[in-house]
Amino acid sequence: MRRGSALFVALLIVAVAIVSVNWGKTFASSRREDSSSWTHWHRWHREYEHRENSLWKAKMQRYCAQFHLTYTSEYFAPWRPPHKGSCRTRMLDGYPVPDLRCTPGGFNPSVTVAMLRNPAFRTACIRNQQTSEAEKHATYRWYGLRDPYRNYGDTQVCELDHLVPLELGGADGLGNIWPECGPSRAALENRYFKVKDRVEDYLTYEVKTGKIPLRVAQRGIAENWTQYLKAANRYCATGGRCD
């Protein structure tokens, strides 16, 4: 009886070992298949996004051709790419303004007031045409900042801002781009880049209605965007078109 029991136990151990080895092989194979499937799906997704982006860009190029745009920048001061960490924002009237040595601001000379008034005109015809989104991220390093984490929606704390906005014919070159950040604890609508949006909406209205010449508005917002904030707040509070 003891001999039979010992034999039974030995056979049971061998059986368990065989099952374990086979299960391990099956699990490893399954993981390889899952990994391979994920890799294939990820590759397909990237290719799909690239194809969709290419189709969208081609469609936009055809649409924007009607405006005869050129993708160049004219800056309000001599400009060249600054060194890493050499730029500093400063506070003016309680809000940040860029380092004018690094971000003098500028405009696209092919954009006219008539074009801005045209309901068919889209800022997408200018955005990321002279410099890519990835190239714009270099401005974080110029200003000694890291790319912000989860910088979208309610958690957005920074915007790579066109100092002279595209709605006012602003340039898409890097001399017109700066990282406008904070304050992180404020409600989204009170963060600096959202406050500046009010100024942009106000000046766009003033230019389109002929109250302010285009070049005056462009130079003014480049020199100190906060100088228009009181007027912009009144404009938005009295039913002006503000996003």
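Our structure's up above, just so we're on the same page.
The paragraphs below set out a description of the structure included in this document. Computed from a prediction, not measured in an experiment: that's the story for all the values here.

**Focus on the pattern of salt bridges**
Across all of its chains, the model carries 4 salt bridges by this definition. Here Asp172 makes a salt bridge to Lys136, at a shortest N to O gap of 3.0 Å. You can see Asp172 sitting in the loop between β5 (158–162) and β6 (177–181) and its partner Lys136 sitting in helix α3 (residues 133–136), a full 36 residues away along the chain. Each member of the pair, Asp172 as well as Lys136, is classed as buried. A salt bridge links Glu200 to Lys196, with the nearest nitrogen and oxygen atoms 2.6 Å apart. Here Glu200 and its partner Lys196 are both found in helix α5 (residues 192–208), 4 residues apart, which amounts to about one turn of the helix. The network of salt bridges with shared partners includes Asp161, Lys196 and Glu200.

**Examining the packing of α5 against helix α7 (residues 229–237)**
Packed helices, taken two at a time, are described by their axes: the angle between them and the distance between them. Axis separation between α5 and α7 bottoms out at 8 Å; the angle between their running directions is 80°. Judged by the angle between their axes, α5 and α7 are roughly perpendicular. Two secondary-structure elements touch here, α5 through Val195, Arg198, Val199, Asp201, Tyr202 and Tyr205 and α7 through Leu229, Ala231, Ala232, Asn233, Tyr235 and Cys236. Residues that form the contact of α5 with α7 fall into these classes: 9 nonpolar, 1 polar and 2 charged.

**With respect to α7**
In an α-helix, one turn spans 3.6 residues; hence positions three or four apart end up facing the same way. Leu229, Ala231, Ala232 and Tyr235 are the residues of α7 that are buried. Projected onto a plane normal to the axis of α7, the buried residues spread over an arc of 160° and lie on a single side. In α7, the exposed residues that point more than 90 degrees away from the buried face are Lys230, Arg234 and Ala237. In the core, the buried residues of α7 are packed alongside β3 (95–97) and α5. Once α7 ends, the next one or two residues include Gly239, with phi positive near 95°.

**Topic: the layout of surface pockets**
Roughly 850 Å³ of internal volume is contained in the largest pocket. Lining the largest pocket are 28 residues, and of these Thr123, Glu167, Asp201, Thr204 and Asp243 sit closest to its centre. Breaking the lining of the largest pocket down by element, the ones donating at least two residues are α2 (113–117), α3, β5 and α5. For the lining of the largest pocket, the element with the highest residue contribution is α5, accounting for 7 residues. The residue makeup of the lining of the largest pocket, split by class, is 8 nonpolar, 5 polar and 15 charged.

**Some details on the packing of aromatic side chains**
What the rule picks out here adds up to 9 aromatic pairs. Plain terms: the ring middles of Tyr63 and Phe67 are 6.3 Å apart, the flat faces sit at 65° to each other, and that makes the pair edge-to-face. You can call Phe67 buried: its relative accessible area is 8%. Plain terms: the ring middles of Tyr95 and Tyr192 are 5.8 Å apart, the flat faces sit at 80° to each other, and that makes the pair edge-to-face. With Tyr95 in strand β3 and Tyr192 in helix α5, this pair connects stretches of sequence that are 97 residues apart. Among the aromatic residues, ring-to-ring pairing joins Tyr63, Phe67 and Phe121 into one connected group. Taking the ring centre of Phe107 as reference, the NZ or CZ of Arg215 above it sits at 3.9 Å.

Definitions and limits used
Residues numbered from 1 in each chain as written. Predicted model: local features only at pLDDT ≥ 70, side-chain atom pairs only at ≥ 80, totals over all residues. Heavy atoms only, no water. Salt bridge = Lys/Arg side-chain N within 4 Å of Asp/Glu carboxyl O. Helix = DSSP H or I, 4+ residues; strand = E, 2+ residues; numbered from the N terminus. Buried < 20%, exposed > 50% of the residue type's maximum accessible area, 1.4 Å probe, protein only. Axes fitted to C-alpha atoms, helices over the stretch in contact; angles between N-to-C directions. Parallel < 35°, antiparallel > 145°, perpendicular 65-115°, else oblique. Contact = heavy atoms within 4.5 Å. Nonpolar A, V, L, I, M, F, W, Y, C, P; charged D, E, K, R; others polar. Arc of directions from axis to C-beta. 1 Å grid on protein atoms, 1.4 Å probe; cavity = no way out; pocket = protein on both sides within 12 Å on 5 of 7 lines; lining within 4 Å. Points joined across faces, edges and corners; volume = space filled by probe spheres on them. Phe/Tyr/Trp six-rings, centres within 6.5 Å; stacked < 30°, edge-to-face > 60°. Lys NZ or Arg CZ within 6 Å of the ring centre and 35° of its normal.

So far we have only geometry, and geometry alone does not tell us how the molecule works.
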